[in-house]
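# Descriptive analysis of the structure
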Amino acid sequence: MDISAFLSADKSMVIAPAGYGKTHTIADCISHYTGNKKILVLTHTHAGVAALREKFDQQNLSASLYSLETICSFALNLTKVYHLNKDEIPSDSSSLFQFAIEHGVNILKAKPIRKFLSIKYDHLIVDEYQDCTIRQHQMILTLANIMKTHILGDPLQGIFGFRGEPIVDFSDASFVPFRDNCQTLETPWRWNNVEKASLGQDLSSIRSKLLSSTAINLNDYQNIKVIIAPESDYARKGTMYKREIYNALHNNSVLLIHPISESIEARIKFIQQFPMLRMVESIDDKSFYSSCASFDSSIGYPLIANIVNVMRKIGTKSKIDIWFKETGHLKNKRSDKEQQIRGHLETIINRLLSRKSYSNILLLIEAIEGLPDVKIYRKEFLQDICKSLKEAEMFGISATESIERNRNLLRQKGRKIQGKGIGTTLLTKGLEFDTVVVLNAHRFTDKRHLYVALTRCCKQLIIISNSNILNPY
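It should be emphasised that the depicted structure is a prediction, and the values quoted were computed from it without experimental measurement.

Before going further, it helps to spend a moment on helix α16 (residues 336-354). Its 19 residues give α16 an end-to-end C-alpha distance of 27 Å, which sits within 8% of 27 Å, the value for a rise of 1.5 Å per residue. Arg-342, Leu-345, Ile-348, Ile-349 and Leu-352 are the residues of α16 that are buried. The buried residues of α16 occupy an angular sector of 125° when the element is viewed end-on, so they sit on one face. Among the exposed residues of α16, those pointing more than 90 degrees away from its buried face are Asp-336, Gln-340 and Ser-354.

What follows deals with the nonpolar core. Counting residues in each nonpolar core, the largest one holds 52 residues, and the members touching the most others are Val-41, Phe-56, Ile-216, Val-436, Val-438, Leu-454 and Leu-461. Other than its neighbours up to four places away in sequence, Val-41 contacts Ile-26, Ile-30, Leu-52, Tyr-66, Ser-67, Leu-68, Glu-69 and Ile-125. Grouped together as the second largest cluster of nonpolar side chains are 36 residues, Val-310, Leu-345, Ile-368 and Ile-385 included.

Turning next to the pairing of strand β2 (residues 38-43). Taken across its six residues, β2 has five buried, putting it largely inside the fold. As paired strands, β2 and strand β4 (residues 121-126) are joined by five bridges and run parallel to one another. Across the sheet, Ile-39 pairs through a bridge with His-123, a residue of β4. One ladder, built from five bridges, connects β2 with strand β3 (residues 66-70); its direction is parallel.

Moving on, we get to the sheet that holds β4. Within the open sheet, the six strands sit side by side as β3-β2-β4-β5-β1-β6. Their pairing is parallel. Each having just a single partner strand, β3 and β6 (182-184) make up the two edges of the open sheet. Direction aside, the axes of adjacent strands within the sheet are offset by 20° on average.

Take a nonpolar patch on the surface next. A cluster of nonpolar side chains, contributed by Val-81, Tyr-82 and Phe-116, occupies part of the molecular surface with about 280 Å² of accessible area. Position of Phe-116 among the secondary structure elements: in helix α6 (residues 111-120). Note on Phe-116: relative accessible area 41%, which makes it partly exposed.

A few words on the packing of helix α13 (residues 286-296) against helix α18 (residues 379-395). Helix packing for two helices is described by the angle between their axes and how far apart those axes are. Between α13 and α18, whose axes approach to 11 Å, the crossing angle comes to 40°. The orientation of α13 relative to α18 falls into the category oblique. Like other packed secondary-structure pairs, α13 and α18 cross with a definite hand, here right-handed. For the pair α13 and α18, contact is made by Ser-287, Phe-288, Ser-291, Cys-292 and Phe-295 and by Phe-381, Asp-384, Ile-385 and Leu-389, respectively. Among the residues forming the contact of α13 with α18, the class breakdown is six nonpolar, two polar and one charged.

Let's shift gears to the pattern of salt bridges. Counted under the stated rule, the structure contains 18 salt bridges. Linking Lys-317 and Asp-321 is a salt bridge whose minimum nitrogen-to-oxygen distance equals 2.8 Å. Shared partners join several salt bridges into a network, and the residues in it are Lys-22, Asp-127, Glu-128, Asp-131 and Lys-429.

Bringing the sheet that holds strand β13 (residues 457-465) into the picture now. Spatial strand order, β8-β13-β12-β9-β11-β10: six strands in an open sheet with parallel pairing. Looking at strand neighbours, the two that pair on one side only are β8 (225-228) and β10 (278-279), the edges of this open sheet. With five bridges connecting them, strand β12 (residues 433-438) and β13 associate as parallel partners. Each bridged residue has a counterpart across the sheet, and for Phe-433 the counterpart in β13 is Cys-457.

Let us now look at the packing of aromatic side chains. If you walk through the whole model with that rule in mind, you get eight aromatic pairs. On the numbers, 4.8 Å between centres and 65° between planes, the contact of Phe-56 with Tyr-66 is edge-to-face. Residue Phe-56 is found in helix α3 (residues 46-58), and its partner Tyr-66 is found in strand β3; the two are separated by 10 residues along the sequence. A relative accessible area of 0% places Phe-56 in the buried class. Centre to centre, the rings of Phe-175 and Phe-178 are 6.2 Å apart; their planes meet at 55°, and the pair counts as tilted. Considered together, Phe-175 and Phe-178 belong to a single accessibility category, that of buried residues. Taken together, the ring pairs connect Tyr-129, Phe-170, Phe-175 and Phe-178 into an aromatic cluster. Directly above the ring of Trp-323 sits Lys-333, whose terminal nitrogen or CZ lies 4.9 Å from the centroid. For the cation-ring pair, Arg-407 lies above Phe-288, with the distance from its terminal atom to the ring centre recorded as 3.9 Å.

Definitions and cut-offs
- Residues numbered from 1 in each chain as written.
- Predicted model: local features only at pLDDT ≥ 70, side-chain atom pairs only at ≥ 80, totals over all residues.
- Heavy atoms only, no water.
- Helix = DSSP H or I, 4+ residues; strand = E, 2+ residues; numbered from the N terminus.
- Expected span 1.5 Å × (residues − 1).
- Buried < 20%, exposed > 50% of the residue type's maximum accessible area, 1.4 Å probe, protein only.
- Arc of directions from axis to C-beta.
- Core = buried A, V, L, I, M, F, W, Y, C linked by side-chain atoms within 4.5 Å.
- Contact = heavy atoms within 4.5 Å.
- Pairing = 2+ DSSP bridges.
- Axes fitted to C-alpha atoms, helices over the stretch in contact; angles between N-to-C directions.
- Patch = residues over 30% accessible without salt bridge, like charges linked within 9 Å, V, L, I, M, F, W, Y side chains within 5 Å.
- Areas by Shrake-Rupley, 256 points an atom, 1.4 Å probe, with all protein chains shown as cover.
- Salt bridge = Lys/Arg side-chain N within 4 Å of Asp/Glu carboxyl O.
- Parallel < 35°, antiparallel > 145°, perpendicular 65-115°, else oblique.
- Left-handed = near helix turned anticlockwise from the far one by under 90°.
- Nonpolar A, V, L, I, M, F, W, Y, C, P; charged D, E, K, R; others polar.
- Phe/Tyr/Trp six-rings, centres within 6.5 Å; stacked < 30°, edge-to-face > 60°.
- Lys NZ or Arg CZ within 6 Å of the ring centre and 35° of its normal.

Don't take any of this as a statement about function, it's just geometry.
Structure below.
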């Protein structure tokens, strides 16, 4: 792309398909900049900030050239400093960011603020623009009256909203000045760089069909492995689709993408069939908070029952039920070996009944995890719960406070998901795996979600569907 033309326009945009080098392009913009001020770079998540900063560091870009933060944190800093009535600023995060974005627009209209920002910044670059809400877009348009503004995004990857708010539509009249100076990244670097250019070409062809809402005939793509299997095969042994997944799982970097994001149960069933898989967890899954809250709010056998119930939900329920009643009491056992295991559990439970502590809760969780034939399907979930219990004990805080701290840190740092996992498009957008298996591809009813699913792969793409024809419209 012509970076000089991109930066010289008052308003400009780049359409950046998945894997076409958007992050590298932003770094190139900064490296080509020769002005005396800074470039303000905004994105949506702390993980996105981390990815951009990593790329900037790789190219040895001086921090004196740019300021990098999330859109929400930029708005929040403005509001905390310049909003006159500090008592109006909400304390809870859900309302705080909406308040900051809304009032940030008014703050940016003030002449002293406009002058300050124009002295400090020459350009604004906004990443992942397809994820902007209408309110965020209004704030960016206000900033565009202060400095040259350049946006990068892809309407075909706009799968996120912010707390249910509607996201931008690139065809809206407010985008006309940006569309007048629009370029598109044309090289599929994700696949070219690993000598899979033909796979990149197939995905580019599918992208064209998705943009025009045309039916996709999977038989047209020789570089994509397609398995046609009815969903009734999924519960049977020895089927072609299962053999294909087992073969794929011999690789070290594999992602299975399930089309249903509303419920975790379907993904748990896959982990039961393929135990080497790990669940890609949602950072904000409510069960993290409800589990810790149940530990905080109960004592005695209700506490034991809560601990057992959490383990039932993330592990082999039938094997845990061999040892525990619904009340949390232990079941009687006859054999010497079973009595020995029961005695060990009873010792830990009695210790917890006599003194409630997070370390004793942790001991019982570990004992249940170690019971015969118990398998944990949500290992990352259990690891984070155990870590939060350790830190609650260490810092003298509640388990709920500790898991909130854990989630906030993870949200800020982002996370690298490697190995063999199963997730959804909402959980894996932005990630790359050598091999991707798209499950039940015929169930995708939104072309944006299907595009995100198909483009997570680097070297191999396997599509499992009940039909060769996909119509995600």
